[in-house]
Amino acid sequence: MKKRRLLAVLTATAMAASLVGCGSGSSGSSSSVANKDKPLCWFNRQPSNSSTGELDTAALNFNKDTYYVGFDANQGAELQGQMVLDYIKANAATIDRNGDGVIGYVLAIGDIGHNDSIARTRGVRSALGTGVDNGGAIVSDPAGTNTDGSSAVVKDSTIEIDGKTFTIRELASQEMKNSAGATWDAATAGNAIGTWSASFGDQIDVVVSNNDGMGMSMFNAWAKEQKVVTFGYDANSDAVAAIAEGYGGTISQHADVQAYLTLRVVRNALDGVDVNTGISVADAAGNKLDEGVDYRYDAASRSFYALNIAVTKDNYTEFTDATKPYSKVANKLDASNSPEKKVWLDIYNASDNFLSATYQPLLQNYDDLLNLKVEYIGGDGQTESNITNRLGNPGEYDAFCINMVKTDNAASYTSILQ
Ligand code: BGC
């Protein structure tokens, strides 16, 4: 082993002059490329300040082959809010379970410092009219318990449906973070609905969640049996299946497009081809996405954002397998032009429902199609070092795909690659 490494270092040194920056080596790791010049794709958690949301431009511009892949959080959040509102309007006759004239909902918040979570909280409050404006943006703080409508972070709204006026009230909301610090925590959401329903269950007419992991936990723990409609986000397979059993709906953040883009941007850099190959421009195998339909690209933030789709009882049968590669980009690349390369990739929390049940299986389907040998690292969802400790030898990899625990922590990774 030692011998092999020494040989690799010597070969690398000898070849460095001709290979640095070109990115094409034989299969295995191109250790002749400096780590700081290797392709890097941030995904799912956009490098940003978790208090202000301001993007971390240094991390997003780490080198010329650095990108972020996520989805359009605001467009998706608007869709989620609209989906809930449409449901309320269409079911006015039956929705107010205790007939008190107040349509009450509870909201599970994923992570108060995560842009996706913040956008979804705002999207729901904005559509339902319960948001409080603060300098042009809707307050996204958890309301705690608000059964009397006195909270300062949300407000009651009124809606007229079929000639009848209802009040809409956010009865309660909280960040679902467990005692060890894991956010978007499904078990915490299951406990919360238990506490809420025990004290004001008859007032809860709608359950809304920032994601399906927490949404399904609340649905299974209480809402399903009570026939209280529940809305989530992610279109995880179990949530889509639950639509047949009364789950109200979810949003597909087009994880199939995101997982593809996550690996595709590094593939393109490793092949030394234009970043849009197989993305907005068809590759030799016929893979191509539709810009504006499947995703949008923002050059300033070097970010690809997949576009969202609402999944409800009207269309859910098209979304039952969340782990299937997207048909537009499911063709295998020719290994002579795109030889095998090694990628280090981490999932910040191995027990996050969306990432482990939807995103990673998709990545595992695409890695074969793109001839990438990916090492998957699963984090504990709480500490960055639990993951960075396993990036001890970056020289062994050709590219990196990174999902951070906290969006502020990009430097914990880039410092290792410097
Ligand atoms: C997903 C959540 C997930 C989070 C992890 C979000 O985009 O919707 O389900 O927990 O990413 O960072």
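Residues numbered from 1 in each chain as written. Predicted model: local features only at pLDDT ≥ 70, side-chain atom pairs only at ≥ 80, totals over all residues. Heavy atoms only, no water.

> Teacher, can you tell me more about the overall build of the protein here?
Along the protein, the regular secondary structure elements total 12 helices and 17 strands. Along the longest, intermediate and shortest principal axes, the C-alpha atoms of the protein span 80 × 40 × 40 Å. In the protein, the proportion of contacts linking residues at least 24 apart, taken out of those at least 6 apart, comes to 70%. Taken as a whole, the protein presents about 16800 Å² of accessible surface, with 49% of it coming from carbon and sulfur. Distance between charge centres in the protein, computed from 33 positive and 50 negative side chains, equals 7 Å. (Helix = DSSP H or I, 4+ residues; strand = E, 2+ residues; numbered from the N terminus. Contact = heavy atoms within 4.5 Å. Areas by Shrake-Rupley, 256 points an atom, 1.4 Å probe, with all protein chains shown as cover. Lys, Arg positive; Asp, Glu negative; His and termini not counted. Charge placed at Lys NZ, Arg CZ, Asp CG, Glu CD.)

> Any chance you could explain the packing of helix H9 (residues 255-271) against helix H10 (residues 353-369) here in plain terms?
When two helices pack together, their arrangement is given by the angle between the helix axes and the distance between those axes. For the pair H9 and H10, interaxial distance at closest approach is 9 Å and the crossing angle is 50°. On the basis of the axis angle, H9 is oblique to H10. Crossing of H9 over H10 shows right-handed handedness. Touching Ala 255, Asp 256, Gln 258, Ala 259, Tyr 260, Thr 262 and Leu 263 of H9 are Phe 354, Thr 358, Tyr 359, Leu 362, Leu 363, Tyr 366 and Asp 367, all from H10. (Axes fitted to C-alpha atoms, helices over the stretch in contact; angles between N-to-C directions. Parallel < 35°, antiparallel > 145°, perpendicular 65-115°, else oblique. Left-handed = near helix turned anticlockwise from the far one by under 90°.)

> Whenever I open this one, helix H12 (residues 410-417) confuses me. Can you help?
Residues three or four positions apart in an α-helix share a direction because the helix packs 3.6 residues into each turn. Residues of H12 that are buried include every one of Ala 410, Tyr 413, Thr 414 and Leu 417, and no others. End-on view of H12: buried residues confined to an arc of 95°, all on one side of the axis. Buried residues belonging to H12 abut strand S1 (40-43), helix H2 (57-60), strand S15 (341-347), helix H11 (384-388) and strand S17 (399-402). (Buried < 20%, exposed > 50% of the residue type's maximum accessible area, 1.4 Å probe, protein only. Arc of directions from axis to C-beta.)

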